[in-house]
Amino acid sequence: MKKRSLRAILASGFIAFAAGMVGPVSINFAYSQEKVITIAVPFGPKSSVPDPRARQNGWLSNRAGVSETLVGLDYEMKMFPRLAESYRNISPTQWEFTLRENVKFHDGSPLTSELVKDSFQKLNDKDHAAYNPRLIKLLNIKEITIKDERTFVFETNEPNSAFIWSLTEPTASVIKEGTEKLPIIGTGPFVFVSAEAEKNYHTKAFADYWGGKPKLDGIVMDAISDASVAALALRAGDVDLVTNYSEPDFAALEKSNQGQRFEGATTRLFFYQLRTADGPLANKELRQAISLGLDRGLIVEAALAGVGGDPAHSIFPVTMKSWVNKAIEAPYDISKALEILDNAGLKDTNDDGIREIDGENIVLKLRSYEGRPALKPTLEVTQALLSKLGLKVEISMGEYQANNDALKLGEIQMHLQAWGTAPQGDPDYFPSTLLDSKAGYNFSGYNNPKLDVLLEKGRGEFDPVKRKVIYDEIQEIIAEDLPLIPVFHKTQVSVGNGKVKGYRIHPAETYLASPELDIEG
Amino acid sequence: MNNFMRVAAIKIVSLLLVLFCVSFLTFLLYYYAPGDKALAIANARYIGEGSASAELVEQIRLETGIDRPLFVQFYYWAQDIIQLDFGVSLISQEPVDEIFVSQLWETMELALSALLLGMSVAIPLSLISVWKPKSFIDRFAIALSSIGAAIPSYWLGLIFIFVFAANLQWLPAYGTGSLSHLILPASTLGLWVLSSQTRLIRSFLLEASTAPFLEALKIRGVGSKELFCRHIVRHAFVPFVTMLGLELAFLLEGAVIVEVVFARGGIGSLLVHSVMGRDFPIIQCIVLFSAVTYVTINSAVEIFQWFMNPVSQQR
């Protein structure tokens, strides 16, 4: 009797657990008959109605095919007319646009010059969800003049050759005022249905899309921050495509020639921003030795399993043919690095294994932040590599903005970051934001009047051939002065379930859904 | 009863005092956060990755009163908090209380399911383990509590996804929305509850079984079954309730790894996203909630303990 009661107690304890594990087997997953693709993405929307013009919401809505810009970027990072049929520069500050015919908003109304003007004016309205001071600064629009229903003129406050490129920025999308039923009214091949902050983004096909009816009925973008979980979700059949697949897993698939693999170079650069105004890295020879001591190939091998990136020489990847200065090289040459350090008098005089500068041991504090898996291993490999130069390196992870503050105060010497160097395809954004002496993100304290002049000249030059010469020189200055050290350009790797069609990785990482995107079966 | 009212009143006063101190400390966390807060708010609210203009930062400085003295800022902040007005998220511009409540529901769903799963096994397992020392069940309970404590939730979560979602395809690998989405995360967290609670309940029971009064009861002829069920279990009940309360409080905020692994919402992942985005109003709301939860549950448990203890009632 005693035994039976013991068993009963034991069994009752396990029932709830077992019921949980066994019960669900009978749960029937009611998949819709519609042709919907589920895509795992690493980041989700920031709110339940993310206006594509605010913050960087447009990056997601552009990828989801909801919002569109007047001008787009193709897969070679070249401009193409998107909502605009044509555009021309009528004076250094004036750009005339003609809208494409038969473009409809998701509520069925036609795209007109008036609605384009209204959409851009909302960027400046502090009480509107579209308020975007970053884009206002980038575009620097003085006035929008309507000529007729399909023609209008943008006038900028100053001559700005980057203006047209800035219009490719996904937040510069043309959006009509939303309603309760249709909170985001764009022009893309897919209509916004719903979003949950940091979780998912749902769309459905827009049959009246100007570029033709989409092959899919809808898209679900699910935010799965952990790449391993996303890979398992693909295997489970819960998602059809993982946009940012784990690099080691991708390398394994590649080795065994399995899986529906996609890979594409992006403009995302992993780089160190250095504190050059004071501290040990005010010494240019030390910065040069550090760059020579970084085995970028090894870092890519260790941090990205050899498949997730290309060692960086300049700030732009070689695939960005319009702007990259191919003459620049950033080789790994430890003998030369040691020679530079010795010649600069940065020697280990007290035999403690650490070189000194001004009588003090060279101690470099390197920091990065969570959010991108490759950052931490890059930091770790860097520590090992720089110790070979006789430098003491301390690494830590922090919060992004706090790291910037620490760099500005000289509390750390190098901040490892990952930025899209040309999200709008124009070369000005990255150096102007980080290296201009007045730039908001110049936490290096770097001040090079020659570079400032060149950057200004580059913004005012409209001839692409002459601009290329200017930005070639800018890249040379960066490679020589090293206020920032490029490490690698990220290659995005994606894996599908074998049924995904019409998917390509865009170098700007801001395009994904198209009418051609499809799934078999 | 008078005695009870007196104890309850003291507890409530001390609870309010602790809450005031916690609120002040929470505010200090924000006040002394490194960096220019106006710039951080500008970045969180409008910019993302980019540079905020000096004018915009200045405008935010004026608008938010960030430069005012500490106590003035705290006064206005506390005034809003008392009215349960936590402001709006700097990023989404949605009311913090609405964001928080929706995430709290998901966390409660996960925490309570895990607690139910874990406890429904931990209680009978511990009882049998102590009732039958050195038996197979006892050894199993010891092994389970040790293994369970040693397995990281992240790893276990991945294993569950690998087995039940990727291979057997019985359950969804991630997400929320149905009972099936809850099973794997609740089991992951439930196993942790099971192991920690089995260890604790077992030790409470073992401690109770060595109490001196048991000898007296034995001499008076009380049977071993009655001794176990009426006296040992009851004696172990008070520390068990204390731990149960704290366990629930921990689960409400400690489920972050499970939430992230299973791409669920919840307070833990909300806190992580908010810290990354420097969304101060949400951070303050969650920190305050955590403190209030711990303090309230602790006080409730203390009152309960007083109620259960005849000796303290006579004082």
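Computed from a predicted model, the values in this text were never measured in an experiment. (Residues numbered from 1 in each chain as written. Chains lettered and ligands numbered in written order. Predicted model: local features only at pLDDT ≥ 70, side-chain atom pairs only at ≥ 80, totals over all residues. Heavy atoms only, no water.)

Section: the overall build of chain A
What counts, and what does not: Comment: elements are numbered from the N terminus, with helices defined as DSSP H or I runs of at least four residues and strands as E runs of at least two. Radius of gyration here uses only the C-alpha atoms, and the compact-globule reference equals 2.2 Å multiplied by the residue count raised to the power 0.38. Exposure is judged per residue with a 1.4 Å probe applied to protein chains only, and the accessible area is read against the type maximum: over 50% gives exposed, under 20% gives buried, and values in between give partly exposed. Throughout, a residue-residue contact means that at least one pair of heavy atoms, one from each residue, lies within 4.5 Å.
Secondary structure assignment for chain A yields 15 helices and 21 strands. At 26 Å, chain A has a C-alpha radius of gyration in line with the 24 Å of a compact globule built from 521 residues. Looking at chain A as a whole, 57% of its 521 residues qualify as buried. Sequence separation of 24 or more characterises 70% of the internal contacts of chain A that already satisfy a separation of 6 or more.

So, the packing of aromatic side chains
Residues and elements named next belong to chain A. Our working rule: Each Phe, Tyr or Trp ring, with Trp reduced to its six-membered ring, pairs with another whose centre is within 6.5 Å; inter-plane angles below 30 degrees give stacked pairs, above 60 give edge-to-face pairs, and intermediate values give tilted ones. The rule is short: NZ of Lys or CZ of Arg within 6 Å of the ring centre and within 35 degrees of the ring normal puts a charge over the ring.
Under the counting rule described, the total for this entry stands at 36 aromatic pairs over all chains. Residues Tyr-441 and Phe-443 carry aromatic rings whose centres are separated by 5.3 Å and whose planes lie at 65 degrees to one another, so their mutual orientation is edge-to-face. Of the residues examined, Tyr-441 reaches a relative accessible area of 2% and is grouped as buried. Given a relative accessible area of 4%, Phe-443 falls into the buried group. A network of ring pairs unites the aromatic residues Tyr-87, Trp-95, Phe-97, Phe-120, Phe-152, Phe-154, Phe-163 and Phe-462 as a single cluster. One cation-aromatic arrangement involves Arg-504 over Tyr-75; the distance from NZ or CZ to the ring centre is 4.0 Å.

Quick word on the domain arrangement of chain A
Buried accessible area, meaning the area lost when the parts come together, often serves as the stated size of an interface. Residues and elements named next belong to chain A. Condition: Where each domain starts and ends follows an automatic or database-derived domain assignment. Each of two parts loses accessible area, computed with a 1.4 Å probe, when they are put together; buried area is these two losses added. Basic side-chain nitrogens of Lys or Arg form a salt bridge, by our definition, when they fall within 4 Å of a carboxyl oxygen of Asp or Glu. N or O atoms within 3.5 Å of each other form a polar contact, as long as, within protein, one can give a hydrogen and the other can take it, and as long as residues adjacent in sequence are counted only when both atoms are side-chain atoms.
Under the domain assignment used here, chain A contains domain 1 (3-240 + 497-519) and domain 2 (265-492). Computed over C-alpha atoms, the centres of domain 1 and domain 2 are 32 Å apart. Facing the 25 residues of domain 1 at the interface are 21 residues of domain 2. Of the roughly 1,900 Å² buried where domain 1 meets domain 2, counting both sides, 55% is carbon and sulfur surface. Together, Ser-161, Trp-165 and Glu-509 form the three largest contributors to the area buried by domain 1 at its contact with domain 2, with a combined 29%. In this assembly, domain 1 and domain 2 are joined by one salt bridge. Here Glu-509 ties to Arg-268 by a salt bridge, and the two come within 3.0 Å at their closest N and O atoms. Applying the counting rule to domain 1 against domain 2 returns nine residue pairs in polar contact (both at pLDDT 80 or more). Secondary structure elements with two or more residues in the side of domain 1 that touches domain 2: α2 (57-63) and α5 (163-166).

A few points about the interface of chain B and chain A
Taken together, the 56 residues of chain B in the interface contact 54 residues of chain A. There are one salt bridge connecting chain B and chain A. Between Glu-106 of chain B and Lys-199 of chain A there is a salt bridge, with the nearest N and O atoms lying 2.4 Å from each other. Among the secondary structure elements, those contributing two or more residues to the side of chain B that touches chain A are α2 (37-47), α3 (54-64), α5 (96-131), α6 (136-150), α7 (153-167), α8 (179-208), α11 (256-261) and α12 (267-277) of chain B.

Details of α12 of chain B
For α12 of chain B, every residue scored as buried is listed here: Ile-267, Gly-268, Ser-269, Leu-270, Ser-274 and Gly-277 of chain B. Taken from the residues just after α12 of chain B, Arg-278 of chain B is the one with a positive phi, measuring 55 degrees.

As for helix α3 (residues 113-121) of chain A
All names here are of chain A. We apply this condition: Here the arc refers to the set of directions running from the helix axis out to each C-beta atom.
Those residues of α3 that fall on the buried side of the exposure criterion are Ser-113, Val-116, Ser-119 and Phe-120. All buried residues of α3 fall inside an arc of 125 degrees around its axis, so they share one side. Where α3 is buried, its residues contact β5 (94-99), α4 (133-139), β6 (141-148) and β7 (151-156).

Thoughts on the sheet that holds β7 of chain A
Residue and element names in this part refer to chain A. Put simply, the rule reads: Strands pair, by our definition, only if DSSP identifies at least two bridges between them. Interaxial angle, 0 to 180 degrees, is taken between N-to-C directions of lines fitted to C-alpha atoms, where a helix line uses only the stretch in contact.
As summarised here, the arrangement of the four strands in space is β4-β5-β7-β6, forming an open sheet in which the pairing is antiparallel. Looking at which strands have only one partner, the edges of the open sheet turn out to be β4 (84-91) and β6. Each strand of the sheet is rotated relative to its neighbour by a mean of 20 degrees, with strand direction disregarded. Note that β5 and β7 share five bridges and pair antiparallel. Bridged to Glu-96 within β7 is Val-153. On top of the sheet, α3 reaches β5, β6 and β7; it is set at about 165 degrees to β6, its chief contact.

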